[in-house]
Every structure is written in C-alpha cells, then in structure tokens.
Amino acid sequence: MPPPPQFPFHNLQELRHSASLATKVFIQRDYSEGTVCRFQTKFPSELDSRIERTLLEDTVKTLNTYYAEAEKMGGQSYMEGCLACATAYIIFLCMETHYEKVLKKISGYIQEQNEKIYAPRGLLLTDPIERGMRVMEVSVFEDRGSSGSSLSSSATSGGSAQR
Amino acid sequence: MKNCEYQQIDARALGTPASSFQPCTEMKVPRLRRKWEVFPGKNRFYCDGRIILARQSGILPLTLGLIVVTSVLFFAFDCPFLVTHLTVCIPVIGGVLFLFVVISLLQTSLTDPGILPRALPDEAADIEKQIYTSGSSMYRPPPRTKEILINQQVVKLKYCFTCKMFRPPRTSHCSLCDNCVERFDHHCPWVGNCVGKRNYRFFYSFIVSLSFHTSFIFGCVVTHLTLRTYEVILLHQKESPARYPFHIICFFSIWSVLGLSGFHTYLVASNLTTNEDIKGSWSSKRGAEDSGNPYTYNSIFINCCATLCGPMPPSLIDRRGFLPPDDIPPVAAADLELSSFLAKNDTNMVGMPSSGHTS
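These numbers come from a predicted model, not from an experiment. (Residues numbered from 1 in each chain as written. Chains lettered and ligands numbered in written order. Predicted model: local features only at pLDDT ≥ 70, side-chain atom pairs only at ≥ 80, totals over all residues. Heavy atoms only, no water.)

With respect to the overall build of chain B
Scanning chain B from N- to C-terminus turns up 9 helices and 10 strands. In chain B, buried positions account for 43% of the 359 residues. Of the contacts formed within chain B by residues at least 6 apart in sequence, a portion of 64% connects residues at least 24 apart. (Helix = DSSP H or I, 4+ residues; strand = E, 2+ residues; numbered from the N terminus. Buried < 20%, exposed > 50% of the residue type's maximum accessible area, 1.4 Å probe, protein only. Contact = heavy atoms within 4.5 Å.)

Below you can see the structure in the form of structure tokens.
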C-alpha cells in the first residue's frame, strides 16, 4: 500500500493559503447514548486514500473522552452547580466553568493534531465548537500548484476525478 | 525562473492594497464585524453582543413591573408595622428573596437558551446529498426524518428546513425566535425568551424563588391586616386605607406561580421538558411497552442533579467572535497565493517558507 501523500506544508497557514480546498468530509454526532457529546468513530470512506484509519479513529476517540470529561456529572460539577445556585448564578459571570476549561484543552489538542498529523497529509480538522458541536469537519486540500510534479497529488486528483 | 520571479513581483504589486502607498484616509481598513451583527435568528443584542434577548420581549416589562411594585409596596407599608410589632428579620428576608427573584429573572431573559447555529452551506449540502442517496423514491421528496436508537429506544430526528440540519434529540425550533434551541422547554412570554438547556436552571430558580417571595409577602400582609384589625377593635384606632388591589394580585399570582413551580418540579424529577410532556412523547401511548423516557436516570435525585446542578454548557453561537474579513474576494486571494506558491516551488523543491509570504 503506498504511503499517504506528503505535502510540502510546514505550517497550517501555508496549508490554508497555498492549497485549494477539494472537499469537506463531515463526521456526525453519535446519539446512541443520549444527548451527551460524542462523535461517530466510523471511518468515512472518502478519507481512505488520505490517512490511516487508526489515526483518525484515535483522534475521534480522544475527543470523545474529552467531551465526556467536560459533561461528567460528578462531585466537581455538583459543587460548581450548588455554589452557583447559592450565589444566584452570578458566579458564572466571574468564573470559568469546568466545561470551558476542557474546551480550551480540546482546542489545544486539535491544533496539535492538525500540526503533527493532518496538515502533512493535506487535511485540516475544524474544532466542533465552531460548527455548533454538530459535526467535526475535515477539510481535504489539494496541492494545486504541483499538479503532476509529484506522484501523490496526481493520485489524489485522479481519485477525486473518478468520484 | 526569471519569469516566475517577474510574476511574483507583479502579483505582489497588484495584490498589495493601496493603503500601503496612499494615506490611510483614502482607503480605510474596514471595521471587523462581530458575529452577532449578522445573526440570522430573531434576536436582539446589547452591549456589543454580551446580552441576548428575543425580538419580542413579550410581557417581560409587565413581569418586572409587577414584582417591583408589589415588593416596593410591601417594603413601604407592611414592613414598618411588622418591624415594630414582630422582628427586623422580615424586611431582610424579603430583601434577599426580592434580589434572588430579580437576578434569576434577568438571567433567564438575557441568557442564550442553547441556540444551535444554523448549518453552513457545505454542511447543508452534505446532508442533502446523504438524504437523496439513501434510496428514496422518485415520486415524492424523501421523508425528512431520521430514526436513531437512544438507550435502546427509537427516537425520530426531524430535519429543520430553516436551519438546514437534522435536529439533535430534544431540540426544537422556536418559531417566535426563529432558532433551534437545545433541550427546548417552551417559549415563555413572561420572561421574554425561550427556556432551553442553558437557562432552564435560571428559570426554575426564578419560579421557585418567586413562589417563596409571593407566599412570604402574602403571609406578612395577612399578619399585618390581622394585627391591624386587632388594634382597631381593641384600641379603637383609625383603620388604615386598604391596599387590597395589589394584595389581590398577590393572592391570585401565588396559586399560578405555585402551580407552575410544582409542575416544573415534576418535570425536573422525571427529566422531561414541557414540550415532551405536552406532546406526550414518552407517555405510554396505546399501551406500547417500549415508550419510556430514554433520557431519565430512573432516580429522582440524579434527575434533579443532572438538570439543575449539571455542568453548564457554553454558548454555541459565539456572539462576540469576529467575522473573517471579506474585503478581499476569495478567488483573487487564492490566485495571489497560487502565484507565490508557484514561484516558491520553482526556486526550491522542498517548500521552505518564504520571508514575505506570511500574511
């Protein structure tokens, strides 16, 4: 099996500006456990040629654990809720909630994953919070400038033309 | 290579905004707009997006007016008498309850109830593609519902034509605010806002504290009138002019507010929303055995904790975020970058970042 295509992008800025957006793949929410935030770990077939299955599944599973941690109903969230109720919820104006802290961690994680794993493969993960936590958007980029100059981009452009 | 370098310079000269060569007064940098300024729903925003209200404020001014006027009359007329005859704690308790009621009311009205942002065009197109390729018939549009399993219970998700997405479970579209709201309870005209996932706990504390407040005021008023009548009879004092109209309002509002508090306590304990209860989504229809509430934790205590003390989700609509600058058309920007990328590629095979490239 040929190795996944390598793109000469050294940072996300170059990826966004120097390649053209080919398509977007959306990973939907998984509601089988209720309204808690979980994303489907089913691998989208459009990304078969771009990234190894296990990498994306690992990313989604890690994000699911982060969201479960944010929405966990345990001692800390009850304390926060009772304290907020006692102060007529004014404390929400002053304090960052546990959920917001975990969301910051998630942003950092997605940024790191994009830099290490997805940008070298010409992909970009969008933080679900920017899409209202409905979908996880995976932008698929094509290296417009080097069409024909490398084997990888001709393979992807051929693949997308067939579709 | 010389050609490419010539192209690179040309593209840069064309692409550079005129403001770098001319004084700033001629071509101003357009002000970055915040997302609340282009929000598609029927909402009003104040304080640069910090405060959100439904467009129709309903009878919120009336609610506030009734609460404030009744409380002021209580403090002005009943408290002096009761402080001298009973205890000084009465205005203190009344004051604390009054503050609690007003703060909860304002928080219910001015908080984002859990509005879901509308689907962007790419996402909407992807969903449409999935609907039309899932084996639908040619004669009529495919049914815009999706069935999923939640805790082994079949739940139907409906497609929202306004927001162009399948609504998550327990989400409903409010026609007054023109938004999909998560865990939609109802649109309350008294509060002038939808009651949903993010402000249900504020709403519940508002109605419970209002029940206590009106009961407290009513109790104090009855005590006052009783003591006053006693004094009139025993000491032949002049009877004070009655303030019956406002006390009658108090009397009638107590029963409605108490009733509402009791109803919502039942909803909280069984992890239901008003919307689901009214529609009878989970009641045993036609003796079906499997229609139970899939969201309940089967324990009153845990249901209450989950609804009222659970983690506070953030607002999804990002009112104060900035819109991306749309003064450079995306096609022209892409062409600029393409030409600089081409030049970069020809000068060196491994894409080393060029110094002037970063925007």
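Re a nonpolar patch on the surface
Residues and elements named next belong to chain B. Together, Ile-59, Leu-62, Leu-66, Trp-190 and Ile-249 make up an exposed nonpolar region whose accessible area comes to about 410 Å². Looking at where Ile-59 falls in the secondary structure, it is placed in the loop between strand S2 (51-54) and helix H2 (60-85). By relative accessible area, Ile-59 is classed as partly exposed at 31%. (Patch = residues over 30% accessible without salt bridge, like charges linked within 9 Å, V, L, I, M, F, W, Y side chains within 5 Å. Areas by Shrake-Rupley, 256 points an atom, 1.4 Å probe, with all protein chains shown as cover. Salt bridge = Lys/Arg side-chain N within 4 Å of Asp/Glu carboxyl O.)

As for the nonpolar core
Leu47(A) and Tyr67(A) are the most contacted members of the largest nonpolar core, which totals 37 residues. Secondary-structure elements contributing two or more residues to this core are strand S1 (20-28), helix H2 (53-70), helix H5 (98-118), strand S2 (123-125) and strand S3 (135-142) of chain A together with helix H4 (121-132), strand S5 (153-160) and strand S6 (165-166) of chain B. Among the elements that line this core, the one with the most residues is H5(A), at 8 residues. What Tyr67(A) contacts, discounting residues up to four positions off in sequence, is Cys37(A), Phe39(A), Leu103(A), Ile106(A), Asp127(A), Pro128(A) and Met133(A). (Core = buried A, V, L, I, M, F, W, Y, C linked by side-chain atoms within 4.5 Å.)

Things to note about the confidence of the model for chain A
Within chain A, residue pLDDT values average 79, and 77% of them lie at 70 or more. Confidence drops under a pLDDT of 50 for residues 146-163 of chain A, and excluding neighbours within four residues, the segment shows 13 contacts in the predicted structure. (pLDDT = per-residue confidence, 0-100.)

Re the UniProt feature "domain: Golgin subfamily A member 7/ERF4" (unreviewed entry) in chain A
Within this numbering scheme, the UniProt entry marks residues 25-137 of chain A as carrying the feature "domain: Golgin subfamily A member 7/ERF4" (unreviewed entry). Secondary structure within residues 25-137 of chain A divides into 49% helix and 9% strand; the distance between the first and last C-alpha atoms comes to 6 Å. (UniProt positions renumbered as here; feature names shortened; annotations may be inferred.)

Regarding the sheet that holds S2(A)
All names here are of chain A. Here we have 3 strands laid out as an open sheet, ordered S1-S3-S2, and antiparallel in their pairing. Each edge of the sheet is formed by a strand with only one pairing partner; in this case those strands are S1 and S2. Sheet twist, expressed as the average angle between the axes of neighbouring strands with direction ignored, equals 20 degrees. One ladder, built from 8 bridges, connects S1 with S3; its direction is antiparallel. Bridge pairing links Val-25 to Val-138 in S3. (Pairing = 2+ DSSP bridges. Axes fitted to C-alpha atoms, helices over the stretch in contact; angles between N-to-C directions.)

With respect to the pattern of salt bridges
Applying the stated criterion to the full structure yields 13 salt bridges over all chains. Between Lys104(A) and Glu96(A) there is a salt bridge whose closest N-O contact spans 2.5 Å. In this structure Glu96(A) comes out as partly exposed when scored by relative accessible area, which is 29%. When the shortest N-O distance is used, the salt bridge between Arg170(B) and Glu276(B) registers 3.0 Å. Of this pair, Arg170(B) sits in the loop between S6 and strand S7 (172-174) while Glu276(B) sits in helix H7 (residues 274-279); the two residues are 106 residues apart in sequence, bridging distant segments of the chain.

Re unusual backbone geometry
Residue and element names in this part refer to chain B. Its identity as a non-glycine residue notwithstanding, Cys-47 has a phi of 55 degrees, on the positive side. Among the secondary structure elements, Cys-47 is positioned in the loop between strand S1 (43-46) and S2. Located in the positive-phi region is Arg-170, a residue other than glycine, with phi close to 70 degrees.

Things to note about the UniProt feature "transmembrane region" (unreviewed entry) in chain B
Residues and elements named next belong to chain B. Mapped onto this numbering, the UniProt entry annotates "transmembrane region" (unreviewed entry) at residues 59-77, 83-106, 202-226 and 246-269. Between the first and last C-alpha atoms of residues 83-106 the distance is 30 Å; the span itself is 88% helix and 0% strand. Here residues 202-226 runs as 100% helix and 0% strand, with 36 Å between its end C-alpha atoms.

A short note on the packing of aromatic side chains
Enumeration according to the criterion identifies 12 aromatic pairs over all chains in this entry. For the ring pair Tyr66(A) and Tyr109(A), a centre distance of 5.6 Å and an interplane angle of 55 degrees mean the geometry is tilted. Here Tyr66(A), found in helix H2, pairs with Tyr109(A), found in helix H5; they are 43 residues apart in sequence, far enough to count as distant. In this structure Tyr109(A) comes out as buried when scored by relative accessible area, which is 11%. A ring pair is formed by Tyr159(B) and Phe161(B), whose centres lie 5.4 Å apart and whose planes are at 85 degrees; its orientation type is edge-to-face. (Phe/Tyr/Trp six-rings, centres within 6.5 Å; stacked < 30°, edge-to-face > 60°.)

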